[in-house]
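Coordinates in review
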Amino acid sequence: MAEQREFFYRRLHSFLGVVPIGIFLVQHLIVNHFAVYGEESFNQAAGFMGGLPFVLLLEIFVIYLPILFHAILGVYIVFTARNNVSRYGFFRNWMFKIQRITGIITLIFIVWHVFETRVQIGLGNAEANYSLMEGILTNPFMFWFYVIGVISTVFHFANGLWSFLVTWGITQSPKSQRISSYACIGVFFAVSYLGIRTLIKFAYGV
Amino acid sequence: MAEQSKVTFIITRQDGPDSAPYEETFEIPYRQNMNVISGLMEIRQNPVNVKGEKTTPVMWDMNCLEEVCGACSMVINGTARQSCAALVDQLEQPIRLEPMSTFPVVRDLIVDRERMFDALKQVKAWIPIDGTHDLGPGPRMPEKKRQWAYELSKCMTCGVCLEACPNVNDKSNFIGPAAISQARLFNAHPTGEMNASDRLNGLMEDGGIDGCGNSQNCVQVCPKGIPLTTSIAAMNRATNIQAFKNFFGSDSTL
Ligand code: HEM
Ligand code: SF4
Ligand code: FES
């Protein structure tokens with residue numbers, strides 16, 4: 001029997017996109033949304049997350065390693081496609097292309113975001129609190145960088161959820177796939193709202 | 001009227017597998033109910049290009065002339081389809097003909113679709129019935145299922161779905177949608193079902209079903225209306241279950 005390694009890696013890639021990365025993303029944006037209720041609430045929520053037992057182990061196995069694997073294989077997948085929306089401009093073909101573009105934008109965003117927050121905190125140059133994010137986001141350039149980064153990541157997650165359902169054979173018929181399209185559009189708007197609302201609070205204090 | 005009654009073809013030609021492609025324009029007299037193939041036949045009869053130079057006849061592939069064999073597929077005005085079913089009256093002029101880019105060009109519009117037959121071999125898209133003795137008739141297929149399977153069996157290995165797929169290209173080893181749907185067809189057959197796991201394992205080999213990225217172009221372009229994306233999702237589920245069985249071991253061998 002020939003090798004089945006690619007199959008395993010691609011299924012792992014798909015699985016990690018939702019569990020744990022997608023779950024982490026939603027959780028992360030919900031916790032951040034506490035900022036909207038005030039500096040106190042945010043610092044308390046962030047303090048709780050940062051005070052979890054074995055937080056470094058949790059971060060490594062639930063966040064860093066899965067994202068690293070998903071991102072490395074993801075970049076490879078991006079560069080093995082030949083996008084052809086100019087010839088075949090169907091809705092799903094556009095989603096296919098945007099899934100790849102947002103993957104790359106998300107990668108750039110996450111690397112910068114992690115460097116600016118978690119790495120600086122780890123080096124002792126910053127503290128994980130409200131004023132760190134306020135400092136970053138009151139700069140209009142960074143605000144818009146974060147808006148694009150968050151929307152791109154959430155789109156990638158929501159559309160990825162749709163294709164996850166196909167990859168695992170959960171939605172098969174055209175009708176079920178259409179219904180899941182609507183559901184994933186709903187996820188996109190709901191999670192985007194969480195993220196953008198928080199950014200506005202940090203940047204403008206409202 | 002006679003002056004206007006011309007059909008213009010711009011054809012991407014290539015003299016051999018390793019030579020460089022070039023474009024050549026032809027103008028031929030219009031006839032009623034022409035299809036692209038009758039246009040190509042006209043050029044073959046009188047291979048003179050629009051500049052009045054005598055050239056070699058344009059080569060193409062064909063067989064059934066009724067959209068069931070798939071041999072005559074080419075890219076017509078940017079879309080891959082069968083040239084025998086492409087009516088000149090319904091096409092914008094000038095009509096551009098190119099060979100399908102997914103496959104190696106043999107000459108002019110003739111491509112080598114061998115990779116599709118390799119794909120069918122990878123997923124064992126046939127039903128083994130040979131034994132050392134007469135095995136007798138196989139189990140019967142319910143009529144409703146037969147009607148459903150008939151739709152999947154219409155695939156003519158034409159290659160249009162591979163041409164439209166962004167993940168079937170020279171940078172990837174993805175076998176493409178057609179063979180995935182064929183594995184589903186043969187796994188649904190009451191006799192074929194007896195070797196279902198062999199086909200699923202074929203689909204899971206490198207370059208197999210995992211190469212699908214859900215662009216879903218295939219189902220839009222298939223001239224036979226085969227529900228390719230449903231087949232892919234169904235085979236996704238079946239291969240996932242097979243992968244668990246392979247890994248953890250199972251007392252069910254199918
Ligand atoms: C917060 C970060 C991310 C999340 C939540 C996420 C989530 C997902 C999900 C759920 C899928 C669907 C899997 C499937 O089709 O079954 C997916 C697919 C994909 N991801 Fe990500 N991803 C993230 C980051 C990245 C990064 C950084 C890249 C690298 C460029 C990337 C590239 C891809 C690609 C190319 C696919 C398509 C795979 C395919 O259709 O076969 N992702 N992602
Ligand atoms: S599935 Fe449709 S498009 Fe693909 S090879 Fe078969 S007939 Fe052609
Ligand atoms: S010649 Fe058979 S499909 Fe066109």
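Every value quoted in this text rests on a predicted model; they were computed, and no experiment measured them.

Focus: the overall build of chain B
The helix and strand inventory of chain B stands at eight helices and seven strands. Taken over the C-alpha atoms alone, chain B extends approximately 75 × 40 × 35 Å along its principal axes. For chain B, the proportion of its 254 residues judged to be buried stands at 51%. Taking the contacts inside chain B whose residues are at least 6 apart along the sequence as the reference set, 61% of them involve residues at least 24 apart. Within the structure as shown, chain B displays about 12400 Å² of accessible surface, and the carbon and sulfur contribution to it stands at 51%. Distance between charge centres in chain B, computed from 24 positive and 30 negative side chains, equals 5 Å.

A closer look at the side chain of Asn49 of chain B
Residues and elements named next belong to chain B. With respect to the helices and strands, the residue Asn49 is situated in the loop between helix H1 (36–45) and strand E3 (73–76). Within the structure, the side chain of Asn49 is placed 3.0 Å from the backbone nitrogen of Lys51, a separation counted as a polar contact. Residues within four places of Asn49 in sequence aside, it is in contact with Glu24, Thr25, Phe26 and Thr55.

Observations concerning the pattern of salt bridges
Residues and elements named next belong to chain B. For the structure on display, the rule yields 11 salt bridges over all chains. When the shortest N-O distance is used, the salt bridge between Glu42 and Arg31 registers 3.1 Å. With a gap of 11 residues between them, Glu42 in helix H1 and Arg31 in the loop between strand E2 (22–29) and H1 connect regions that are remote in the sequence. According to the relative accessible area criterion, Glu42 is buried, its value standing at 18%. Connected through salt bridges with shared partners, the residues Arg13, Glu24 and Asp108 form a single ionic network.

Description of the layout of surface pockets
Space inside the second largest pocket adds up to approximately 390 Å³. As for the second largest pocket, its lining consists of 14 residues, and the residues nearest its centre are Phe7 and Phe8 of chain A together with Ala243, Phe244 and Phe247 of chain B. Going through the elements one at a time, helix H1 (5–32) of chain A together with helix H8 (228–248) of chain B are the ones with two or more residues in the lining of the second largest pocket. Looking at the lining of the second largest pocket, the element that brings in the most residues is H8 of chain B, giving six residues. Taken together, the residues of the lining of the second largest pocket sort by class into 10 nonpolar, three polar and one charged.

Focus on the site of ligand 1
Every one of the 27 residues lining ligand 1 counts as a neighbour, but Arg10, Ser14, His70, His156 and Ser163 of chain A are closest to it. With respect to ligand 1, the chains having nearby residues are chains A and B. For ligand 1, an oxygen atom lies 3.4 Å from a polar atom in the side chain of Arg100 of chain A. Residue assignment for the shell around ligand 1 shows that the elements contributing at least two residues are H1, helix H3 (55–79), helix H4 (91–122) and helix H6 (140–167) of chain A. Split into classes, the residues belonging to the shell around ligand 1 amount to 11 nonpolar, 14 polar and two charged.

Observations concerning a nonpolar patch on the surface
Residues and elements named next belong to chain A. Together, Phe54, Leu57, Leu58, Phe61, Val62, Leu65, Leu68 and Ile72 make up a nonpolar patch on the protein surface, roughly 810 Å² of accessible area in all. Along the chain, the position of Phe61 falls in helix H3. Assessed through its relative accessible area of 55%, Phe61 is described here as exposed.

Description of the sheet that holds strand E1 (residues 6–13) of chain B
The pairing of strands in a sheet comes from backbone hydrogen bonds and takes either a parallel or an antiparallel form. All names here are of chain B. The sheet built from five strands is open, its strands ordered E2-E1-E5-E3-E4 with mixed pairing. On the outer flanks of this sheet lie E2 and strand E4 (79–82), each paired with one strand and no other. Within the sheet, the average angular offset between the axes of one strand and its neighbour, ignoring direction, is 35 degrees. Strand direction decides the pairing type here: E3 and strand E5 (residues 95–98), joined by two bridges, are antiparallel. In the strand pairing of E5, Ile76 is matched with Leu97.

Conventions used here
Residues numbered from 1 in each chain as written. Chains lettered and ligands numbered in written order. Predicted model: local features only at pLDDT ≥ 70, side-chain atom pairs only at ≥ 80, totals over all residues. Heavy atoms only, no water. Helix = DSSP H or I, 4+ residues; strand = E, 2+ residues; numbered from the N terminus. Buried < 20%, exposed > 50% of the residue type's maximum accessible area, 1.4 Å probe, protein only. Contact = heavy atoms within 4.5 Å. Areas by Shrake-Rupley, 256 points an atom, 1.4 Å probe, with all protein chains shown as cover. Lys, Arg positive; Asp, Glu negative; His and termini not counted. Charge placed at Lys NZ, Arg CZ, Asp CG, Glu CD. Polar contact = N/O pair within 3.5 Å; in protein donor to acceptor, adjacent residues only side chain to side chain. Salt bridge = Lys/Arg side-chain N within 4 Å of Asp/Glu carboxyl O. 1 Å grid on protein atoms, 1.4 Å probe; cavity = no way out; pocket = protein on both sides within 12 Å on 5 of 7 lines; lining within 4 Å. Points joined across faces, edges and corners; volume = space filled by probe spheres on them. Nonpolar A, V, L, I, M, F, W, Y, C, P; charged D, E, K, R; others polar. Near = heavy atom within 4 Å. Patch = residues over 30% accessible without salt bridge, like charges linked within 9 Å, V, L, I, M, F, W, Y side chains within 5 Å. Pairing = 2+ DSSP bridges. Axes fitted to C-alpha atoms, helices over the stretch in contact; angles between N-to-C directions.

Interpretation in functional terms is not warranted from these geometric data alone.
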